[in-house]
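Overview (structure and organization)
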Amino acid sequence: MLRAHTTCHTCDIISAGLDRFLTVGDVYRRDEIDRTHYPVFHQMDGTRLFSAEELFQRSDHGLKLFESGGETVHKQAAHTEDTLQLLSIDLKKTLLNLTQSLFGKDISYRWVDCYFPFTHPSWELEIEYEGDWMEVLGCGILRQDILTQCGVNSKVGWAFGLGLERLAMKLYSIPDVRLFWSEDTGFLSQFNVDDCQTPIKYKEISKFPQLAQDISFWLTDVDSYSSNDFYDLARTVGGELVEQVEVIDTFTHPKSGRTSHTYRVTYRHMHRNLTTQEINQVQQQLRSRVEQDLLGTVRV
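Below, the structure is looked at part by part. (Residues numbered from 1 in each chain as written. Predicted model: local features only at pLDDT ≥ 70, side-chain atom pairs only at ≥ 80, totals over all residues. Heavy atoms only, no water.)

With respect to the overall build of the protein chain
Across its full length, the protein chain carries eight helices and 10 strands. Evaluated residue by residue, the protein chain yields a buried proportion of 41% over its 300 residues. For the protein chain, the exposed area adds up to about 17500 Å²; of that, 50% sits on carbon and sulfur atoms. Separation of charge centres in the protein chain, based on 30 positive and 43 negative side chains, amounts to 1 Å. (Helix = DSSP H or I, 4+ residues; strand = E, 2+ residues; numbered from the N terminus. Buried < 20%, exposed > 50% of the residue type's maximum accessible area, 1.4 Å probe, protein only. Areas by Shrake-Rupley, 256 points an atom, 1.4 Å probe, with all protein chains shown as cover. Lys, Arg positive; Asp, Glu negative; His and termini not counted. Charge placed at Lys NZ, Arg CZ, Asp CG, Glu CD.)

Shown next as structure tokens:
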């Protein structure tokens, strides 16, 4: 059976003695069909538990976690009003800080009352995305009977779950969740950075297919050569047809000591299909310019 939540691991982790943790994994659901929903995605669930001392911060006002009473639409039967208010404030503050640290302090957001079987009360956090409201996470006050079943009788807590693809859509301006399952290098290469803090904004890729060809050549002077020299040359010769260039092999001959580089040049037109004949002509020009401009010797 495919899991619909990573919360299936929550009880085991709580029973092991942890009171704050994240679980991350792929989940599967029958859901709406639109550009923000997909039947498989990556979810992150978080749980935070508090003792009375932690929640009330050593208050001497006689505050209590629990009471006997009936459940209402606003509160679980086992929780006092003080417990509910302090948990709610801490939960929303934590998740709002997370959201604002990703998208900025000026992000438009709203809390929406909702229902989840494992929390009460429960909310969804929605942010404005391309003129509409998009849910980014669900959260709430953890059901006390779940903690009791885990052998935890003196703590309370909150929990949340969020879809990582939803956050990435907003963070990188990606218009359709299906792109995350693309193996198109035109998409994947946009996120190939050394520093995860590098600002990235998604650039639309063509719907037309890619054509890739390799070129290999011996270097005349290894010390003075840089791959950037070839990247600039490929862009000069191929123009906007060149979508991506990558080094796929570096070889040094054991006897002669000569070094060669092999590059894969990926071509794609934004508005029509390219033909092999067109690309062959560009590749021939590129080979000629390698020998002329870079003084390389093209390998056949």
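Now that the structure is up, let's keep going.
Side note on the pattern of salt bridges
Counted according to the given criterion, the structure contains 13 salt bridges. D184 serves as the salt-bridge partner of R268, at 2.6 Å between the closest nitrogen and oxygen. Of the two residues, R268 is situated in the loop between β9 (259–267) and α8 (276–293) and D184 in the loop between α5 (164–172) and α6 (185–188); the sequence distance between them amounts to 84 residues. You'll find R268 and D184 in the same group, each marked buried. We note a salt bridge from R289 to D293, for which the minimum N-O separation is 2.8 Å. Pair noted here: R289 and D293 are both in helix α8, with a separation of four residues, about one helical turn. What emerges from the salt-bridge pattern is a single network uniting D19, R20, E54 and K155. (Salt bridge = Lys/Arg side-chain N within 4 Å of Asp/Glu carboxyl O.)

Comments concerning the layout of surface pockets
If you add up the space inside the largest pocket, you get close to 740 Å³. Lining the largest pocket are 36 residues; nearest its centre among them are H5, R29, Q43, F116 and G161. Of all the secondary-structure elements, those providing two or more residues to the lining of the largest pocket are α1 (10–15), β2 (40–50), β4 (119–129), β5 (132–142), β6 (156–163) and α5. In terms of residues, the lining of the largest pocket owes the most to one element, β5, which gives seven residues. By residue class, the composition of the lining of the largest pocket is 15 nonpolar, 13 polar and eight charged. The wall of the second largest pocket is formed by 19 residues, among which G186, S189, Q190, K203 and E243 lie closest to the centre. The element best represented in the lining of the second largest pocket is strand β8 (residues 242–252), accounting for five residues. In terms of residue class, the lining of the second largest pocket is made up of five nonpolar, six polar and eight charged. (1 Å grid on protein atoms, 1.4 Å probe; cavity = no way out; pocket = protein on both sides within 12 Å on 5 of 7 lines; lining within 4 Å. Points joined across faces, edges and corners; volume = space filled by probe spheres on them. Nonpolar A, V, L, I, M, F, W, Y, C, P; charged D, E, K, R; others polar.)

Examining the side chain of Q100
If you trace the backbone, Q100 turns up in helix α3 (residues 81–103). Classification of Q100 as buried rests on a relative accessible area of 14%. Residue contacts for Q100: discarding those within four places in its chain leaves K105, I107 and Y109. (Contact = heavy atoms within 4.5 Å.)

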